[in-house]
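Okay, here's what each chain looks like letter by letter:
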Amino acid sequence: MAQSSFLSRWTGRPEAGENPIADMDRSPQEILPSLGRRSQVSVWSSSPSLERLYQEFDEQVRIIDEARRLLEERLAPFQRHLLEQRRNVDQWLKQLDARIKPLRQYLEGQGSNLERVGMHLNTELKEQFEDFDRFLSDQRQILERANRYLDEQPRPLAQFLEDEQRAIEQVFRDLEEKFEPLGRFLKEQQKLLESMTDPRVSEEFDILTSYCNERHAAVERYATSPEHRPQTLFADLDAVYQKYKTQDAGKSKLLTRLLEQTRQADLRLRDSLKPLPRERDDSRPPRIEPAS
């Protein structure tokens, strides 16, 4: 049984076309046309491995979209609840403000009256009407307490909204905990993507690309040349191989493997193009050497 991919292990579902042994038994003519049906992913269709990788990416996108849809579906009722509660409290505050407004106007009027009376009491009048001045001071304190009382009226409603938010937050936290494994998975994927942008990785792939381009140029020159000179092709391919082998010096394991595998491919092709040795014609009579 073929080993499942990291995505199928995570989702618990087997991936389609995840049998590399079966793929090895298929000829290129069988593989490439089936991959060519996806014109929009032509970059992935050159290899069964890339095709499987594309399927894994496609499945991950589907899973993330499904997770987002599920979260929105689960959260929507509670978000609506909080919005409706805010609207209800806003309406409640408007009604409270309308009821409090006459009381505030009364207190403001009383405060203005006290200020005017206090301005008319000069030093001599204060001594004459000392008891009245104490009365005015008591009235000011009463007005201050009344204003504080009115200021306190909306605060229970604000506390109610805060308590409601805290209660609903329990639901949000529970969902967050349930989706935490997905969050960790996505963070790991983010680390993988960041590693792919490392300058050393980019430099390595640039070298690999350059090597493939030079091999392509050598094969193209031979394929388009009117002269049939295989030795020229193999000389060009060997020059490219030697150039990058010297340049690499074992620093890149991936380039080393690519160099050796393409080298073996070149040698097999060169051996296959060698002329077969002539078979001796046994129908002729054997040559008789003269006696010495």
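Residues numbered from 1 in each chain as written. Predicted model: local features only at pLDDT ≥ 70, side-chain atom pairs only at ≥ 80, totals over all residues. Heavy atoms only, no water.

**A few points about the side chain of Gln85**
Reasoning step 1: If you trace the backbone, Gln85 turns up in helix H4 (residues 48-120).
Reasoning step 2: If we skip the residues at most four places from it in the chain, Gln85 touches Phe160, Leu161 and Glu164. (Helix = DSSP H or I, 4+ residues; strand = E, 2+ residues; numbered from the N terminus. Contact = heavy atoms within 4.5 Å.)

**Let's talk about the packing of aromatic side chains**
Aromatic ring pairs: the centre-centre distance and the angle between the two ring planes describe each pair.
Reasoning step 1: Applying the stated criterion across every chain, the model contains 1 aromatic pair.
Reasoning step 2: Both rings, one in Tyr211 and one in Tyr244, keep their centres 5.2 Å apart while their planes meet at 70 degrees; by these two values the pair is edge-to-face. Here Tyr211, found in helix H9 (residues 199-224), pairs with Tyr244, found in helix H10 (residues 230-248); they are 33 residues apart in sequence, far enough to count as distant. Like Tyr244, Tyr211 is buried. (Phe/Tyr/Trp six-rings, centres within 6.5 Å; stacked < 30°, edge-to-face > 60°. Buried < 20%, exposed > 50% of the residue type's maximum accessible area, 1.4 Å probe, protein only.)

**Some details on the environment of Val43**
Reasoning step 1: Relative to the helices and strands, Val43 is located in the loop between helix H3 (28-36) and H4.
Reasoning step 2: Residues Val43 and Tyr54, 11 residues apart in the sequence, show an inter-C-alpha distance of 9.7 Å.

**Some words on the nonpolar core**
Reasoning step 1: With 9 residues, the main nonpolar core is built from Val89, Leu96, Ile100, Leu107, Leu114, Leu136, Leu143, Leu150 and Leu157.
Reasoning step 2: Of all the elements in the fold, those that place two or more residues in this core are H4 and helix H6 (130-152).
Reasoning step 3: Once residues lying within four places of it in the same chain are set aside, the contact partners of Leu150 are Ile100, Leu103, Arg104 and Leu107. (Core = buried A, V, L, I, M, F, W, Y, C linked by side-chain atoms within 4.5 Å.)

**Regarding the side chain of Ser252**
Reasoning step 1: Secondary-structure assignment places Ser252 in the loop between H10 and helix H11 (253-272).
Reasoning step 2: Of the residues examined, Ser252 reaches a relative accessible area of 11% and is grouped as buried.
Reasoning step 3: Separated by 2.4 Å, the side chains of Ser252 and Glu204 make a polar contact. (Polar contact = N/O pair within 3.5 Å; in protein donor to acceptor, adjacent residues only side chain to side chain.)

**A look at the pattern of salt bridges**
Reasoning step 1: Within this structure, the stated rule accounts for 16 salt bridges.
Reasoning step 2: A salt bridge links Arg104 to Asp151; its shortest N-O distance comes to 2.8 Å. Of this pair, Arg104 sits in helix H4 while Asp151 sits in helix H6, and the two are 47 residues apart along the sequence.
Reasoning step 3: With relative accessibility at 25%, the residue Arg104 sits in the partly exposed group.
Reasoning step 4: Asp151 gets classed as partly exposed once you look at its relative accessible area, which sits at 37%.
Reasoning step 5: With a closest N to O distance of 3.5 Å, Asp236 and Arg221 form a salt bridge. In this pair, Asp236 is assigned in helix H10 and Arg221 in helix H9, connecting sequence segments 15 residues apart.
Reasoning step 6: Residue classification places Arg221 among the partly exposed positions, given a relative accessible area of 47%.
Reasoning step 7: Salt bridges here are not isolated pairs; linked through shared partners, they connect Glu66, Arg69 and Glu73. (Salt bridge = Lys/Arg side-chain N within 4 Å of Asp/Glu carboxyl O.)

No statement about biological role is implied by the geometric values presented.
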